[in-house]
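Descriptive structure summary
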Amino acid sequence: MTEREPVGLGVLISGRGSNLQSIMNAVARGELRAAIRLVISNRADAAGLTHAQAMGIPTRVIDHRRFGSREEFDHALVETLRAAEVELVACAGFMRLLSPAMVNAFPNRIMNIHPSLLPAFPGLHAQKAALESGARFAGCTVFFVSAGTDDGPIIVQAAVPVMPDDDEQTLSERILAQEHLIYPLAIKLFQEGRLRVSGRRVVVLDTPQPDEKAALVNPPPRPAG
Ligand code: GRF
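Residues numbered from 1 in each chain as written. Predicted model: local features only at pLDDT ≥ 70, side-chain atom pairs only at ≥ 80, totals over all residues. Heavy atoms only, no water.

Relative to the assigned elements, aspartate 45 resides in the loop between strand S2 (34–41) and helix H2 (47–54). As a C-alpha pair, aspartate 45 and arginine 16 span 29 residues in sequence and 9.5 Å in three-dimensional space. Polar contacts involving the side chain of aspartate 45 include one to the side chain of arginine 43, which spans 2.9 Å. (Helix = DSSP H or I, 4+ residues; strand = E, 2+ residues; numbered from the N terminus. Polar contact = N/O pair within 3.5 Å; in protein donor to acceptor, adjacent residues only side chain to side chain.)

Structure, rendered in structure tokens:
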């Protein structure tokens with residue numbers, strides 16, 4: 001099989017940029033065939049901009065407060081991403097809701113990551129909501145952005161146990177470690193042409209399947225004896 005071209009990636013951030021860093025690291029290690037064409041932040045003080053510059057990746061600040069409406073801001077995003085020849089957009093801690101102006105410009109070509117096992121706990125403070133719900137598992141989800149909030153077709157999820165002494169920070173750290181694994185994985189599946197969106201479901205072609213009997217139980221049953 002001939003290898004596919006690297007995917008032209010644009011990453012949207014608003015802050016820390018640890019997911020951006022995990023994507024850049026996967027590219028640098030040769031695990032992900034992507035050309036990160038541009039990192040855009042809506043905030044000039046986003047730490048992720050410095051990480052990108054350190055890796056020699058072009059950055060732009062597009063401050064949403066300069067625009068009269070969400071649509072106008074999104075039009076500026078679309079124009080900038082198109083000019084940079086971006087094929088796939090990865091939102092990584094980008095704290096702006098996208099309007100149809102963006103979603104329709106890149107249909108099934110905008111990914112986002114959310115720190116919960118969607119469809120549970122969409123929106124802000126997902127880790128806190130999971131903890132307070134008493135759920136035994138939490139996790140993270142990479143999905144294709146649709147018109148709704150945290151509502152698009154799910155690509156990859158990772159589940160982690162909630163530990164009895166967790167607080168919001170410890171649970172968030174456990175989830176974040178998995179975010180850093182599944183975001184590069186989802187982009188890799190896209191780059192390899194393995195993702196087919198069918199209604200709300202994403203079919204992943206030619207990929208290892210989980211062991212259907214390998215259920216996670218929390219708390220685990222005591223070993224017999
Ligand atoms: C992550 O928890 C991500 O799931 C959420 O925002 C956070 C961004 O973190 N959407 P970072 O900026 O990638 O470090």
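The subject of this paragraph is the pattern of salt bridges. Side-chain pairs of opposite charge can arise where the charged atoms are in close proximity. Applying the stated rule across the entire model yields nine salt bridges. Where glutamate 132 meets lysine 128, a salt bridge forms, and the shortest distance between an N and an O atom there is 3.4 Å. Taken together, the residues span about one helical turn, with glutamate 132 and lysine 128 both in helix H5 (residues 126–133) at a distance of four residues. You can call lysine 128 partly exposed: its relative accessible area is 37%. Of the charged contacts, one joins glutamate 192 and lysine 188 as a salt bridge, the two residues approaching to 3.3 Å between their closest N and O atoms. (Salt bridge = Lys/Arg side-chain N within 4 Å of Asp/Glu carboxyl O. Buried < 20%, exposed > 50% of the residue type's maximum accessible area, 1.4 Å probe, protein only.)

Our next topic: the state of the cysteines. Scanning the model with the defined rule gives zero disulfides in all. Of all cysteine sulfurs in the structure, the one in cysteine 140 sits closest to cysteine 91, which takes part in no disulfide; the separation is 16 Å. Take cysteine 91: its relative accessible area is 3%, and that puts it in the buried class. On the accessibility criterion, cysteine 140 (0% relative accessible area) is buried. (Disulfide = S-S within 2.5 Å.)

On to the pairing of strand S4 (residues 88–91). With burial as the criterion, each face of S4 is covered, one bearing Leu88 and Ala90 and the other bearing Val89 and Cys91. As judged from the four bridges shared by strand S1 (residues 7–13) and S4, these two strands associate in the parallel manner. Following the sheet pairing, leucine 12 is matched in S4 by cysteine 91. Inspection of the sheet shows S4 paired to strand S5 (residues 110–114) by three bridges, in the parallel sense. By the bridge assignment, cysteine 91 is partnered in S5 with asparagine 112. (Pairing = 2+ DSSP bridges.)

Attention now moves to the packing of aromatic side chains. Taken as a whole and judged by the stated rule, the model has two aromatic pairs. Their ring planes at 20° and their centres at 6.4 Å tell us that phenylalanine 73 and phenylalanine 94 sit as a pair that is stacked. Here phenylalanine 94 lies in the loop between S4 and helix H4 (100–103) and phenylalanine 73 lies in helix H3 (residues 70–83), a separation of 21 residues in the sequence. Of the two residues examined, phenylalanine 73 and phenylalanine 94, each falls in the buried class. Members of the aromatic cluster, joined through ring pairs, are Phe67, Phe73 and Phe94. The ring of phenylalanine 106 has arginine 82 lying over it, and the distance from NZ or CZ to the ring centre is 5.9 Å. (Phe/Tyr/Trp six-rings, centres within 6.5 Å; stacked < 30°, edge-to-face > 60°. Lys NZ or Arg CZ within 6 Å of the ring centre and 35° of its normal.)

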